[in-house]
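Chain residues, written in single-letter form:
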Amino acid sequence: MTESARDTPGLVLRTREGRPFRFDPGALCLELLPTGGLGRYAAYEVLHEPADLVRWAGESRLPAGLALSVSAGELELGRELRAALWRLTGSRVEGREPAPEDLEVVNAVAAAPPLVARIGADGRRAWAPGATGTALLSTVARDAVDLFTGPFAERVRVCEAHNCALLFVDTSRPGRRRWCAMERCGNRHKVRAHRARRTATETAEEDT
């Protein structure tokens, strides 16, 4: 579902038809959601084994160079965190109170030590050795804490396309983002609007 792309923010996702498009959800924690989930999101599941979580970390907005070790138990924890984030984000979008059990999951995962960055001998940013899946997920959960308690908490949104459930945080200055990606749902909306205007014009001309 995803392809590595570090030159610009976000993930490269693929539709069910196989067409690629770039999706920037605006936050690390929201980048975990397109990897699958429960219910209708199960069709998009990509976290089948520990190596898949390692692959996702390499495709995410985390800086490159992370040497990660993930266990089967940490993979399961990742799925549990993802499910809680789906529900918490949905609650935020719909203006509902978050479920205490979901907050408990995020807070418990965030309580573990996160990934540690350091300055390498060459003066460049690097990751401390010994990075684990637990540290990765703690970093993701802490990002969720920052998002839901920070200045952009009220800008968490779902794509306005009727058949798209992708969630994002609008970090743009005007705060008017409507679509998961202009090259996908945004362009579809433009095409439909153009067709509707053309049809209305043709109908008006026929009636005159």
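Residues numbered from 1 in each chain as written. Predicted model: local features only at pLDDT ≥ 70, side-chain atom pairs only at ≥ 80, totals over all residues. Heavy atoms only, no water.

Enquirer: In this structure, what is going on with helix α2 (residues 50–59)? I would like to understand it.
Expert: For an α-helix the count is 3.6 residues per turn, leaving residues at separations of three or four pointing the same way. Among all positions in α2, only D52, L53, W56, A57 and E59 are buried. Summarising the axial view, the buried residues of α2 lie within an arc of 165 degrees, below the 170-degree limit, and thus occupy one face. Residues of α2 that are buried sit in contact with β1 (11–14), α1 (28–31), β3 (68–69), α3 (72–94) and α5 (133–149). (Buried < 20%, exposed > 50% of the residue type's maximum accessible area, 1.4 Å probe, protein only. Helix = DSSP H or I, 4+ residues; strand = E, 2+ residues; numbered from the N terminus. Arc of directions from axis to C-beta. Contact = heavy atoms within 4.5 Å.)

Enquirer: Sorry, what's going on with the packing of aromatic side chains here?
Expert: Each aromatic ring pair is characterised by the separation of its centres together with the angle its planes make. For the structure on display, the rule yields 1 aromatic pair. Between Y41 and W86, the ring centres sit 4.0 Å apart and the planes meet at 10 degrees, which makes this aromatic pair stacked. In this pair, Y41 is assigned in the loop between α1 and α2 and W86 in helix α3, connecting sequence segments 45 residues apart. Overall, W86 belongs to the buried group, its relative accessible area being 12%. (Phe/Tyr/Trp six-rings, centres within 6.5 Å; stacked < 30°, edge-to-face > 60°.)

Enquirer: Hey, could you run me through the packing of helix α4 (residues 100–110) against α5 in this one?
Expert: When two helices pack together, their arrangement is given by the angle between the helix axes and by the axis-to-axis distance. Contact geometry for α4 and α5: axes closest at 7 Å, N-to-C directions at 125 degrees. As judged from the angle between their axes, α4 and α5 are oblique. For α4 against α5, the interelement crossing comes out left-handed. Every residue of α5 that contacts α4 at V106, N107, V109 and A110 is listed here: L137, S138, A141, R142, A144 and V145. (Axes fitted to C-alpha atoms, helices over the stretch in contact; angles between N-to-C directions. Parallel < 35°, antiparallel > 145°, perpendicular 65-115°, else oblique. Left-handed = near helix turned anticlockwise from the far one by under 90°.)

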